[in-house]
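If you want the building blocks of each chain, they are given just below.
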Amino acid sequence: MPEPQTLAAQVPDGDREPGARWQRWMQRLRMGAAPSPAGVRPKRNLNVLLREWHKRAGLFAFLFLIWLGFSGFLINQSASWGYDTKRVDWDWVMRLYSLHPEPPQVGFRAGNYWLASTSDYTLIDAKPLETPIRELRGFVQGGSADKPLLFVAATESLLLLTPKGERIDELTPPILPVSTIRRIGSVKGHPGSIAVQDLDAFQSLDEGNSWTPVASTAVEWSEAQPLPDGERSRLTPYSRPSVSLEHVLVDAHSGRLFGSFGAWVINFVGIAAMLLAISGIWMMYRTSSARRKRQ
């Protein structure tokens, strides 16, 4: 049997030289980098084009779709989680809504005390009460010089407070002689007295324990008057606007929180989602058809 040839013997003499190997390598490199004939481009079918745009639309819509799903979940849970009643006054949110603090212009004065109301607070001398009072009708100082008392009239009740705003009592019918309070005042010539009126007027000289009729002309009625600039400045921290958390979530979900630009971004996300659905169904159909043909 002839002896097997060695590897060196099988390689042509020309290829064993370093210069020859270098020339052959450069020749293969030039052949691989040769341009395609003029006017000839790689064929691109519809399926390849859809895959490219499907990927681009998916990258664009990815984060937005996550946010839309998450915010939609929070909106659906808004009532059970209290977002419909919770209010926020974050500075950056208020700037997006173009809202700014607006202290009240008018209030009620009783002696040296000022009563004012903002959208979220009722304040005596710029100190918020524990519970806001809606539909204020007036403000009167009663009691004595040693023990001053403050009477705040709402539509259906009369609140008795200390000068610090602490609640002592709340008078309602039948103790209160009227079902609705239209105004409140002090009886002239009787310091510390109070009077209320609906159709008829009634006075009390003992802090609301007993009431008797009185002529409306004998009463100095409490009326709203302009607040001093200093008092308005003290009310500024409590006059910050606020919106419900649910409202913020709905506007953020729709993009309206960021103006017309945000709304159009969400519109484009919706269009991208539709394109993703259509192109995905089409590619799935084409892939399934090609697989059936091969089988």
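That block above? That's the structure.
In short, a report on the structure. Each residue is numbered by its place in its chain's sequence as written, counting from 1. For this predicted model, a pLDDT threshold of at least 70 governs which residues receive local features, and a threshold of 80 or more governs which side-chain atom pairs are given and counted, while totals over whole chains, interfaces and linings are taken from all residues. Note that water and hydrogens are dropped before the side-chain values are worked out from all heavy atoms of the structure.

Brief notes about the nonpolar core
The line we're drawing: We call a set of buried Ala, Val, Leu, Ile, Met, Phe, Trp, Tyr and Cys residues a nonpolar core when their side-chain atoms join them within 4.5 Å. The buried label applies to any residue whose accessible area, calculated with a 1.4 Å probe on protein chains only, is under 20% of its type's maximum; exposed applies above 50%, and partly exposed to all values in between. Helix and strand definitions here come from DSSP, where helices need a minimum of 4 consecutive H or I residues and strands a minimum of 2 consecutive E residues; each element is numbered from the N-terminal end. By the convention used here, residues are in contact when the closest approach between their heavy atoms is within 4.5 Å.
Judged by nonpolar contacts, the single largest core of 15 residues is most densely connected at Phe151, Leu158, Leu176, Ile181, Ile184, Val196 and Trp211. Mapped by element, the contributors of at least two residues to this core are strand 7 (148–153), strand 8 (158–161) and strand 11 (194–197). Broken down by element, this core gets its largest block of residues, 3 residues, from strand 7. Dropping the residues within four chain positions of it, Trp211 is found in contact with Leu158, Leu171, Ile175, Leu176, Pro177, Ile194, Ala195, Val196, Phe202, Gln203 and Ser204. Formed by 14 residues, the second largest nonpolar core is a distinct cluster that contains Phe108, Tyr113, Leu129 and Leu136.

Describing the pattern of salt bridges
Quick note on the threshold: Salt bridges are counted wherever a side-chain nitrogen of Lys or Arg sits within 4 Å of a carboxyl oxygen of Asp or Glu.
For the structure on display, the rule yields 4 salt bridges. Between Glu231 and Arg234 there is a salt bridge, and its shortest N-O distance comes to 3.2 Å. Of the two residues, Glu231 and Arg234 are both situated in helix 6 (residues 229–235); the distance of 3 residues between them amounts to about one turn of the helix. By relative accessible area, which is 43% here, Arg234 ends up partly exposed.

Thoughts on the side chain of Ser254
We count it as follows: Counted as a polar contact is a pair of N or O atoms within 3.5 Å, where, for protein atoms, one must be capable of donating a hydrogen and the other of accepting one, and residues adjacent in sequence contribute only when both atoms are in side chains.
Relative to the assigned elements, Ser254 resides in helix 7 (residues 245–254). At a separation of 3.3 Å, a polar atom in the side chain of Ser254 contacts the main-chain carbonyl oxygen of Asp251. With residues near it in sequence (within four places) discarded, Ser254 still touches Gly262, Ala263 and Ile266.

A short note on the sheet that holds strand 11
Either a parallel or an antiparallel arrangement is found when strands of a sheet pair, and the pairing is made through backbone hydrogen bonds. Applied cut-off: A pair of strands is considered paired only if DSSP assigns at least 2 bridges between the two.
Here we have 5 strands laid out as an open sheet, ordered 13-12-11-10-14, and antiparallel in their pairing. Because the sheet does not close on itself, it has two edges, and the strands there are strand 13 (212–213) and strand 14 (219–221).

A few points about the sheet that holds strand 9 (residues 167–171)
Rules: Orientation is described by lines fitted to C-alpha atoms, with helices fitted over the stretch in contact, and by angles between N-to-C directions that extend from 0 to 180 degrees.
Strand order in this open sheet of 4 strands is 6-7-8-9, and the pairing throughout is antiparallel. The open sheet has two edge strands with one neighbour each: strand 6 (138–143) and strand 9. Neighbour-to-neighbour, the strand axes of this sheet turn through a mean angle of 25°, independent of strand direction. One ladder, built from 4 bridges, connects strand 8 with strand 9; its direction is antiparallel.

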